[in-house]
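# Examination of the molecular architecture
Listed here are the chains, written in short residue letters.
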Amino acid sequence: MHRPAPTQDINEDDLVVTEPKRSAAGVKAVMVSLERGFSEAGVSRTLRSMLRINQRGGFDCPGCAWPESITGARKPAEFCENGAKAIAEEASARTVTPEWWAKHPISVLREKTEYWLGSQGRITEPMIIREGETHYTPITWARAFATIGEHVNATTPDKCVFYTSGRTANETAFMYQLLARSLGTNNLPDCSNMCHESSGSALNPTIGIGKGTVSLEDFEHAELIFVIGQNPGTNHPRMLSALADARKRGAHIVAVNPLPEAGFFGFKDPQAVRGMLGKADDISDHFLQIKVGGDLALFQAFGHLLLTAEAKNPGTVIDAAFIDSVTDGYDAYKEARATLDWEATEEATGLTRAQITTVANLLIKSKASIFCWALGLTQQPHSVPTLKEIINLLLLQGNFGKPGAGACPVRGHSNVQGDRTMGIWEKPGEGLLAALDAEFKIDSPRAHGYDSTEALVAFENDTVDVFVSMGGNFALANSETEALEAGMQRAKLTVHISTKPNRSHVVHGQTSLILPTLGRTDRDDKHPGGPQFLSVEDSMSVVHSTQGRLKPVSEHLMAEPVIVARMATAILGEDHVVNWKGMADDYDVIRDHISRVLPGFEDFNRRVRGRNGFVLPNPPRDTRSFATDIGKGRFTVSPFEALSAPEGHLILQTMRSHDQYNTTFYGLDDRYRGIKDGRRVILINPADLLELGLEDKSLVDVISTFGGTERRANRFRLVSYPTAKGCAAAYFPEANALVHRDLVARESNTPGFKAITVRFVPHTREAARMFDEDAVTVG
Ligand SMILES: Nc1nc2c(c(=O)[nH]1)N[C@H]1C(S)=C(S)[C@@H](COP(=O)(O)OP(=O)(O)OC[C@H]3O[C@@H](n4cnc5c(=O)[nH]c(N)nc54)[C@H](O)[C@@H]3O)O[C@H]1N2
Ligand SMILES: Nc1nc2c(c(=O)[nH]1)N[C@H]1C(S)=C(S)[C@@H](COP(=O)(O)OP(=O)(O)OC[C@H]3O[C@@H](n4cnc5c(=O)[nH]c(N)nc54)[C@H](O)[C@@H]3O)O[C@H]1N2
Ligand SMILES: [Mo]
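This report concerns the structure included in the present document.

What counts as what
- Residues numbered from 1 in each chain as written.
- Chains lettered and ligands numbered in written order.
- Predicted model: local features only at pLDDT ≥ 70, side-chain atom pairs only at ≥ 80, totals over all residues.
- Heavy atoms only, no water.
- Near = heavy atom within 4 Å.
- Polar contact = N/O pair within 3.5 Å; in protein donor to acceptor, adjacent residues only side chain to side chain.
- Areas by Shrake-Rupley, 256 points an atom, 1.4 Å probe, with all protein chains shown as cover.
- Helix = DSSP H or I, 4+ residues; strand = E, 2+ residues; numbered from the N terminus.
- Nonpolar A, V, L, I, M, F, W, Y, C, P; charged D, E, K, R; others polar.
- Domains from an automatic or database assignment.
- Contact = heavy atoms within 4.5 Å.
- Buried < 20%, exposed > 50% of the residue type's maximum accessible area, 1.4 Å probe, protein only.

## Structural notes on the site of ligand 1
Every one of the 33 residues lining ligand 1 counts as a neighbour, but N257, E261, G293, Q660 and N662 are closest to it. One of the side-chain nitrogen or oxygen atoms of E261 is found 2.6 Å away from an oxygen atom of ligand 1. Between ligand 1 and D295, the relevant distance is 2.8 Å, taken from a nitrogen atom to a side-chain nitrogen or oxygen of the residue. Here ligand 1, which alone exposes 920 Å², has 99% of that area covered by the protein. Of all the elements in the fold, those that place two or more residues in the shell around ligand 1 are helix 10 (232-235), helix 19 (375-378), strand 22 (650-655) and strand 23 (660-661). Looking at the shell around ligand 1 residue by residue, the class counts come to twelve nonpolar, 17 polar and four charged. When residues of the shell around ligand 1 are assigned to domains, at least three fall in each of domain 2 (197-409) and domain 3 (650-778).

Below, the structure is given as C-alpha cells:
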C-alpha cells in the first residue's frame with residue numbers, strides 16, 4: 001500500500017539548517033530512495049520498477065542523460081537515489097481523478113505550491129476548463145482532439161507553439177516536429193533552449209557537432225577530468241562511479257564551482273562494501289572555488305599558461321601536428337593569449353595565481369583530458385564564449401578522437417539530446433527540412449520559429465493563440481514568472497500532455513486541456529500489433545530502446561505517439577498525406593521513416609533491437625574530423641569578460657536542491673547542503689552577510705536589477721554558507737520571478753539563470769505589499 005497524498009503544503013517557517021555534508025550517496029541514499037518509492041507507489045510497484053531501470057530490455061531512467069556502459073557489465077541495480085526518486089514519482093499509485101478536480105477549484109489550486117500539486121498523483125482522465133468555469137471537468141478523448149483541431153484551424157500556424165520537455169522519446173519527438181512542420185510552423189521551443197543551448201551554440205561552429213565527443217569508456221583512460229559548473233552528487237549521481245573509478249586509477253579530478261558540492265569530496269558507493277560501511281572515496285583532488293561567471297577568465301589563463309609552457313619546452317605541451325592538419329585560427333588565438341592580466345584574472349575568478357597555476361600544470365602534463373560541464377557554464381550572458389574557450393584548450397592539446405579525451409557537456413533531461421536529433425528545433429537546417437519534405441511530401445516552413453525565450457515574449461505580446469506542451473512545466477521553468485503566467489492566461493487554448501498536475505495547468509489559457517499520458521515505466525500495449533517500445537539517446541550519443549512494464553494507473557491514459565497522431569489528424573484532416581495512424585499503431589513505422597530522414601539512423605529498427613542499441617556518428621570522436629563550414633576545428637578569440645555586481649549587490653545563481661527534478665519536488669530537503677523542510681533560502685557567504693549588514697537566518701525580500709528595471713521576490717531566508725564570496729545561491733523555480741526576459745546568453749538566448757544581480761532588503765509585509773501595488777517593474 002502507498003501513503004495518501006499530503007494535504008498540507010510547505011510551511012517555510014519549519015526550515016531547519018544544519019552543516020553541509022562532505023560526501024554523497026552511500027546506503028542512506030538507497031534507503032531514502034526506497035522509502036520514497038514505497039510511500040508513493042507501494043512496495044511491489046517500487047521493487048518491480050527499480051529492478052528494470054537501465055537494464056537491457058528494461059526502461060531508461062528518466063532521471064538524467066548519463067549513459068550506461070555498452071561494453072562492460074551492468075550492475076544489478078543500475079540507478080541512483082535520485083533516479084529512484086524520479087521513478088517513484090512516476091510510478092506513483094496515487095491518482096488525480098475527476099472527483100479530485102471537482103473538489104479543487106482552480107482558484108484554490110493557484111494558491112498551492114508545485115510540491116503540493118505534484119504530490120497529488122497521476123492524472124487519470126482527459127480534463128478541460130473553459131472560459132468562466134471554476135473547475136476542470138472530464139472530456140472524452142475525441143472531444144479533446146476536436147477542440148484542438150478547431151482552435152488551431154481558427155488561427156494561423158505562426159500563432160501556434162509546440163513546446164517539448166526533454167523526457168519525450170525519439171519516436172514521439174519525431175512525430176511532434178513533423179506535426180508542427182506539416183501545419184507550417186517551426187515554433188518548436190524546448191527545454192534545451194533553457195538548458196544546454198549554449199553548448200550547441202559553442203560546439204557547432206567550432207567542432208561541427210553540437211554534442212559531446214567522449215564515450216563512457218573514455219573515463220577509464222583520462223589522465224585529467226574537469227567537472228565544471230555541475231553538481232553530480234545530486235543531478236548525475238551515476239557519474240560519481242565513473243569519477244571514483246578514474247580517481248582510483250590515478251587520474252586527477254578538478255572540480256570548478258562556487259559551491260563545495262558534496263559529491264566532490266566523498267562518494268560512498270552503495271554498490272561497494274566500503275561504501276556500505278560508510279567509507280567515502282575522495283572524488284576530486286583539486287577544487288577551484290570560482291566566482292560565478294569567472295570561468296572564461298580561468299580558461300583564458302589556462303590557455304596562456306599552456307602556450308607559455310610550450311614556448312619554454314617546445315613540442316611537449318601542445319599537439320602541433322593536430323593543430324596544423326585539422327584546425328584553423330591557431331595563430332590568432334596564440335596571439336590573443338600571449339599576455340595575461342593576472343590582477344583582472346584573480347578578480348574575475350576569485351582564485352589566486354598559485355591555485356590557477358597548480359591546476360594548469362596538471363593540464364600541461366596530461367596526455368588525455370576530459371572537460372565535463374553543465375549549467376554553471378551554460379546559463380551566463382557570456383556562456384557561449386566561455387564554452388568556446390574550453391574548445392580552444394581541447395584543440396590545443398589534440399584532445400579529440402583519442403582515448404580518454406574530449407568535450408563532455410553533461411545533459412539534463414533523459415532524452416533532451418535525442419529530441420534535438422529528432423528535429424525539435426526552432427532553427428532547423430535545410431538538410432532536415434529537405435529530407436522531411438522528400439519523405440512525407442510536405443512543404444516544411446523555412447522561417448525560424450520561437451525558442452523558449454521568444455515564446456515567453458510572444459505570450460507577453462499576445463501572439464500565442466494555441467500552446468501545446470509535450471510534458472514540462474513552461475510557466476515555472478522559464479523567466480519572468482508573473483508576466484509569463486499572465487500571458488499564458490490570455491492564450492486562447494493551452495494543451496498540456498502530462499503525467500501529473502503542475503503549475504502550467506492552473507495558469508492555463510482561456511480554454512485548457514490536460515491530456516494524461518503514459519510515462520517511461522508504464523506498459524504501452526494498446527496497439528493492433530501488441531506492446532510497443534520507444535527509444536532515447538543519452539549524453540554520449542548512444543541510442544537504445546526503453547520499455548515500461550507497469551500497469552498504467554488508469555485505462556484512459558494514452559501513449560504520447562498516439563496523442564500526437566490524433567492531434568495531427570484533428571488538425572490536418574483525415575486525408576493528410578502523412579500516415580499518422582500507421583505510425584501510432586506500430587512504432588516500427590515511425591522508425592522506418594526516421595531511418596530514411598536522419599543520417600546515422602540507417603536500419604534503425606534492427607539496430608535499436610541490439611543488446612546495447614547503437615552509437616550515432618560523431619566525426620571528432622570517430623575520425624578526428626570536424627564538419628564545420630571550413631571543414632576544420634576552429635580556434636576562436638573572445639574578449640576577456642566576467643560578471644560584476646555594483647556596490648551593495650551580489651550575483652545570484654539558481655540551482656536544484658537534492659529533492660527536486662526541475663520544477664517537480666520529491667521532498668523539501670536538500671540533504672547534502674544541510675537545508676531541511678523549506679526552499680525559500682538564499683545561500684550567502686558569511687563575509688558578504690557582514691559587509692551588507694545582514695543577519696544570518698533573517699528574512700529578506702530579494703530585488704533583482706537588470707537594464708534599469710527591477711524584479712522582486714519576497715520572503716527568503718538568508719543562510720550563511722561557504723559559497724564563493726560575492727555569489728549567492730537560491731533554488732529554481734522560486735527565484736525565476738527575478739529573471740528579466742532579456743537576461744540571456746548571447747548567441748544561444750538561454751536565460752541567464754546563473755547571473756542575476758540582486759540586493760536584499762529586510763522582509764516586512766508592508767514593503768512587500770507596497771511593491772506589489774506598484775506593479776512588478778519599477779523605473
Ligand atoms: N535529481 C535531479 N537530477 C537532475 C535534474 C534535477 O532537477 N534533479 N535536472 C536535470 C536537468 S534538466 C539538468 S539540465 C541537469 C542539471 O545539472 P546541474 O548543472 O548540475 O544543475 P544545477 O543544480 O543547476 O547546478 C549547477 C551547478 O553549477 C554551479 N555553478 C553556478 N554558477 C556557476 C559558474 O558561474 N561557474 C561554475 N564553474 N559553476 C557554477 C552551481 O554551484 C551548481 O553546482 O541535471 C539533470 N538531472
Ligand atoms: N532559474 C532556473 N530556471 C531553470 C533552470 C535553472 O537552472 N534555473 N533550468 C532549466 C532547465 S535545465 C530545464 S531542462 C527546464 C525544465 O523545464 P521543463 O522540462 O519544462 O520542466 P520539468 O519540471 O522537467 O517538467 C515537469 C513536468 O513534466 C511532466 N512529465 C513528467 N514525465 C512526463 C512524461 O513522461 N510525459 C509527459 N508528457 N509529461 C511528463 C509532469 O507533468 C511534470 O509536471 O527548466 C529550466 N529553468
Ligand atoms: Mo535541463
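## Some thoughts on the side chain of T663
Inspection of the secondary structure assignment puts T663 in the loop between strand 23 and strand 24 (664-665). A polar contact of 3.0 Å, which involves the side chain of T663, links it to the side chain of N473. Sequence-distant contacts of T663, that is, excluding residues within four places in its chain, are made with E114, N473, L476, A477 and F732.

## A few points about unusual backbone geometry
For the bond from F732 to P733, the omega torsion is 5 degrees, close enough to zero to count as cis. The phi dihedral of D462 is positive, around 60 degrees, even though this residue is not glycine. In the Ramachandran plot, R715 falls in the positive-phi region, its phi being about 60 degrees despite a non-glycine side chain. Summarising the element assignment, R715 is placed in strand 28 (residues 709-720). Judged by relative accessible area, R715 falls into the partly exposed class, the value being 30%.

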